[in-house]
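Single-letter residue listing:
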Amino acid sequence: MCGIIGYAGAKQAAPILLKGLETLEYRGYDSAGMAVMSDGVINIQKCRGRLAALAEKTDHGQSMQGSVGIGHTRWATHGEPSDKNSHPHFSQNEQFAVVHNGIIENYQELKERLERYGYTFQSETDTEVIAHLVEYCDCGDLIRTVSKVLQRIEGSYALGVLSTREPECLVAVRKDSPLVVCRDDEAGYIASDIPALLPYSRDMYLMEDNEIVALTPGKINFYNIDARPIEKEIYHVDWDVSAAEKGGYEHFMLKEIYEQPQALQSTIQSRIRGDRIQFDGIDYTSSWVEQLTGVHIIACGSAYHAGLVGRYMIETTLQRPVNVEIASEFRYRNPIVDERQLVIAVSQSGETADTLAALREAKRRGARTLAIVNVVGSSLAREAHDVIYTWAGPEISVATTKGYTTQLLALELVAVYLGQQSGRLSQSAADALIEAICAVPELAQSALVDIAPIQQMAARHFNAKDVFYIGRGIDYASSQEASLKLKEISYIHSEGIAAGELKHGTISLIEDGSLVIGLLTQPKLREKVISNLAEVKTRGATVIAVTSMEDAKLNALADEVILIPETNPLLIPVLSVIPLQLFAYYISVYNGRDVDKPRNLAKSVTVE
Ligand code: M6R
């Protein structure tokens, strides 16, 4: 996730900006830059890579004279990590500089309009649109200019803006992207989050959507979207720095679980255009999609589990067979793949060695390849013919949570897209799916409102020896993901099993004290899973049921029930996994495990 820092005071700005950017490093980034006002001229220095490169380029900030400035660490979303795509961005006349965190949804439309007015673009970013738009809207007063810009942009943003006309002033604003402000005796500061500002104050102003702040040395003024002055209350921070880095959460995993509604919103935003799904840069013709004989999904770990769900989604809409395969198996088994098949590689990091090798194998055999990845500019993103970013933001915890659920939603978008392009998905069915997709972020939010019952459940079961997750159909896929989540961070033995397979062997493991978690989200398979739960219950298992439909029969059978919100059965895996992520998280905490860095595991598996 990008990081913003800003300073308006009496000291040299650049060293202060560099120090703030260092504190924001944990958010993840691929490039960094600063803009400092110097004698009425804006000096921008930026480069791809680590902050050390920017520090070296600017002689640790000493070569950038000036006491008002903005800094940025970039996590690429639009355009690969590169010097020219790094922030800050200049307006055409170089009188304004902008840093941005978030995604401007209507940037393409704005870009085309600005190009017609004669603006030329140096980068592939959505942010540069804002810089030119500031110049276009310039009315001589930076607050009112920014207010005009806000009427024209859609999406999520935290912005920092400098203007040569008001060289002592730094203006910032936010919508759906965090921004905090503070001051000390001599200066004002902005940042994407609290840790970067703790060296200066513990009294923060937390910016709300569409509030604008203007910092000048010794003064902070707040305005609403119409540029009218407003008052803001101070929020006093009493956490320590390490907790603050995690946004007040004890672990990155918990923070990332809570980030899911926002991450899911980012995944869908700008991809739903009217009653159709569209992806920038991808244009599969109807005749090409129509002639496809099948689809392969290749991935590892949780991304493979997302693929298992994706199979149901794509087979429903495209009505062609979908093969889902673990990448390390696919790459060595002489797969039957040709140019009439689409191969989708799914990966959070985009660097997983087996997935990359499987993608290369598929390309070698003539298939068209599509990468669904989170990290912009990663190897998979570069090597696949086409790429769809999940836009989940950086994921730091080894156990993936928001990375996984955004993959599910991206796969559903792909499913609707392929169904529409092939003509096999009726418009009414597409409308229903699109409506359900749009509702997912809010439903995910509702699944996070009251987590105390899950925490208490984990407290009752944290010393379980074996945990079995069972389900049928799409719930079998979710069972495998829930099981992986638990075992990788708690070190408790667990299996995700197709409920109908229990009687073919695994049921012999069930005895007094076994914990069986049944997923029952698919109406047509519900009775079958209830029967399977009854079978384990009579053999002494404790039963937890995860369902969106409670009834007397299930309540009588299950020892505990986790209720999840209702949605389209194809989308319910996004919601059913959330309480199970939390269950795994608290079991890991109660066992005293290293939640974010479980033993023997790496975040990105770049070796075979
Ligand atoms: O970066 P990728 O999505 O390609 O990673 C694949 C797996 O290594 C990953 O999902 C792994 O299984 C996670 N630790 C699960 O939480």
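Relevant structure appears above.
Described below are features of the structure shown in this document. All figures in this text were calculated on a predicted structure; none of them were measured in a lab.

Secondary structure assignment for the protein chain yields 20 helices and 27 strands. Radius of gyration (C-alpha) of the protein chain: 25 Å, near the 25 Å computed for a compact globule of 608 residues. Each principal axis of the C-alpha atoms in the protein chain carries an extent, and together these give about 80 × 55 × 45 Å. Across the 608 residues of the protein chain, 61% fall into the buried class. Partitioning the contacts of the protein chain with sequence separation of at least 6, the portion at a separation of at least 24 is 71%. Computed over 57 positive and 78 negative side-chain charges, the separation of the two mean positions in the protein chain equals 4 Å.

A few words on the site of the ligand. The immediate surroundings of the ligand are formed by 14 residues, with Ser-347, Gln-348, Ser-349, Thr-352 and Glu-488 found nearest. Residue Glu-488 places a side-chain N or O atom 2.5 Å away from an oxygen atom belonging to the ligand. When isolated, the ligand has an accessible area of 410 Å², and the protein chains bury 90% of it. Secondary-structure elements contributing two or more residues to the shell around the ligand are helix 10 (301–318) and helix 17 (474–490). For the shell around the ligand, the residue count by class is five nonpolar, seven polar and two charged. Counting residues domain by domain, the shell around the ligand receives three or more from each of domain 2 (246–446) and domain 3 (452–590).

The next subject is the pairing of strand 21 (residues 368–373). Of all the six residues making up strand 21, five are buried; the element is thus mostly covered by neighbouring parts of the structure. Across six bridges, the pairing between strand 20 (residues 341–347) and strand 21 is parallel. Bridging from a neighbouring strand, Val-343 pairs with Thr-369 of strand 21. Where the polypeptide runs from strand 20 across helix 12 (residues 353–364) and back to strand 21, its parallel neighbour, the crossover connection is right-handed.

Our focus in this paragraph is the layout of surface pockets. Computed from the structure, the second largest pocket encloses a volume of approximately 540 Å³. What lines the second largest pocket is a set of 25 residues, and nearest its centre among them are Cys-300, Gly-301, Ser-302, Lys-603 and Val-605. Those elements giving two or more residues to the lining of the second largest pocket turn out to be helix 10, strand 20, helix 12 and helix 17. The residue inventory of the lining of the second largest pocket, partitioned by class, reads ten nonpolar, ten polar and five charged. For the lining of the second largest pocket, the domains that each give at least three residues are domain 2 (246–446) and domain 3 (452–590).

Turning next to empty space enclosed by the protein. A complete count under the given rule lists one cavity of 30 Å³ or more for this structure. Considering only enclosed or pocket space, the largest cavity measures out at about 50 Å³ in volume. Considering only residue class, the lining of the largest cavity consists of three nonpolar, seven polar and two charged.

Quick look at the environment of Cys-47 now. The topology assignment puts Cys-47 in strand 3 (residues 41–48). For the pair formed by Cys-47 and Ser-31, sequence separation is 16 residues and the distance between their alpha carbons is 5.8 Å. For Cys-47, the residues in contact, after removing those within four places along its chain, are Ser-31, Ala-32, Ala-53, Leu-54, Lys-57, Asp-83 and Ser-86.

Let's shift gears to the nonpolar core. Membership of the largest hydrophobic core comes to 88 residues, with the highest contact counts inside it found for Ile-314, Ile-344 and Phe-583. No other element matches helix 20 (residues 572–590), which puts twelve residues into this core. Here this core spans two domains, since at least three of its residues come from each of domain 2 (246–446) and domain 3 (452–590).

Ordered in space as 5-6-7-8-12-13-14, the seven strands form an open sheet in which the pairing is antiparallel. The sheet terminates laterally at strand 5 (89–90) and strand 14 (229–230), the two strands that pair on one side only.

Within helix 5 (residues 142–152), the full set of buried residues consists of Leu-142, Ile-143, Thr-145, Val-146, Ser-147, Val-149 and Leu-150. Of the surrounding secondary structure, the elements contacted by the buried residues of helix 5 are strand 6 (96–104), helix 4 (127–137), strand 7 (155–163), strand 8 (170–175), strand 12 (212–216) and strand 13 (219–223). The backbone nitrogen of Ile-143 lies 3.2 Å from a side-chain oxygen of the residue at the head of helix 5, namely Asp-141.

Here we take up the sheet that holds strand 21. The strand order across the open sheet formed by five strands is 19-18-20-21-22, and the pairing between neighbours is parallel. With one partner strand each, in any of the chains shown, strand 19 (322–326) and strand 22 (386–389) form the two edges of the open sheet. Neighbour-to-neighbour, the strand axes of this sheet turn through a mean angle of 20 degrees, independent of strand direction. Along the sheet, helix 10 contacts strand 18 (294–299), strand 19 and strand 20; its crossing angle with strand 19, the most-contacted strand, is approximately 175 degrees.

To continue, consider the packing of aromatic side chains. Under the defined criterion, the tally for this structure stands at eleven aromatic pairs. Taken together, the ring pairs connect Phe-279, Tyr-284, Trp-288 and Tyr-417 into an aromatic cluster. Above the plane of the ring of Tyr-491 lies Arg-599, whose end atom (NZ or CZ) is 3.8 Å from the centre.

Most of strand 8 sits inside the fold, with five of its six residues counted as buried. The pairing of strand 7 with strand 8 spans six bridges and is classified as antiparallel. Bridge pairing links Val-161 to Val-171 in strand 8. Connecting strand 7 to the next strand, strand 8, in antiparallel fashion are six residues. Across four bridges, strand 8 lies against strand 12 in antiparallel orientation. Residue pairing across strands places Ala-172 opposite Val-213, the latter belonging to strand 12.

Turning next to unusual backbone geometry. The linkage connecting His-87 with the following residue, Pro-88, adopts the cis geometry, with an omega of 0 degrees. Inspection of the secondary structure puts Pro-88 in the loop between strand 4 (68–74) and strand 5.

Okay, the pattern of salt bridges next. One pass over the structure, following the stated rule, counts 23 salt bridges. One salt bridge in this structure joins Arg-273 and Asp-280, with 2.9 Å as the shortest N-O distance. One salt bridge connects Glu-527 with Lys-553, and the closest N-O pair in it is separated by 2.6 Å. Taken together, the residues Glu-527 in helix 18 (residues 526–538) and Lys-553 in helix 19 (residues 552–557) connect sequence positions 26 residues apart. Looking at Glu-527, the relative accessible area reads 40%, which means it is partly exposed. If you follow the salt bridges from partner to partner, you end up with Lys-255, Glu-259 and Lys-402 in one network.

Once that is clear, we can look at the environment of Ala-299. Its place among the elements puts Ala-299 in strand 18. Not counting residues up to four positions away in its chain, the partners in contact with Ala-299 are Tyr-304, Glu-325, Ile-326, Ala-327, Val-346 and Thr-355.

Each value, and the rule that gives it
Residues numbered from 1 in each chain as written. Predicted model: local features only at pLDDT ≥ 70, side-chain atom pairs only at ≥ 80, totals over all residues. Heavy atoms only, no water. Helix = DSSP H or I, 4+ residues; strand = E, 2+ residues; numbered from the N terminus. Rg over C-alpha atoms; globule rule 2.2 N^0.38 Å. Buried < 20%, exposed > 50% of the residue type's maximum accessible area, 1.4 Å probe, protein only. Contact = heavy atoms within 4.5 Å. Lys, Arg positive; Asp, Glu negative; His and termini not counted. Charge placed at Lys NZ, Arg CZ, Asp CG, Glu CD. Near = heavy atom within 4 Å. Polar contact = N/O pair within 3.5 Å; in protein donor to acceptor, adjacent residues only side chain to side chain. Areas by Shrake-Rupley, 256 points an atom, 1.4 Å probe, with all protein chains shown as cover. Nonpolar A, V, L, I, M, F, W, Y, C, P; charged D, E, K, R; others polar. Domains from an automatic or database assignment. Pairing = 2+ DSSP bridges. Right-handed = clockwise from strand over helix to strand, strands pointing away. 1 Å grid on protein atoms, 1.4 Å probe; cavity = no way out; pocket = protein on both sides within 12 Å on 5 of 7 lines; lining within 4 Å. Points joined across faces, edges and corners; volume = space filled by probe spheres on them. Core = buried A, V, L, I, M, F, W, Y, C linked by side-chain atoms within 4.5 Å. Axes fitted to C-alpha atoms, helices over the stretch in contact; angles between N-to-C directions. Phe/Tyr/Trp six-rings, centres within 6.5 Å; stacked < 30°, edge-to-face > 60°. Lys NZ or Arg CZ within 6 Å of the ring centre and 35° of its normal. Salt bridge = Lys/Arg side-chain N within 4 Å of Asp/Glu carboxyl O.

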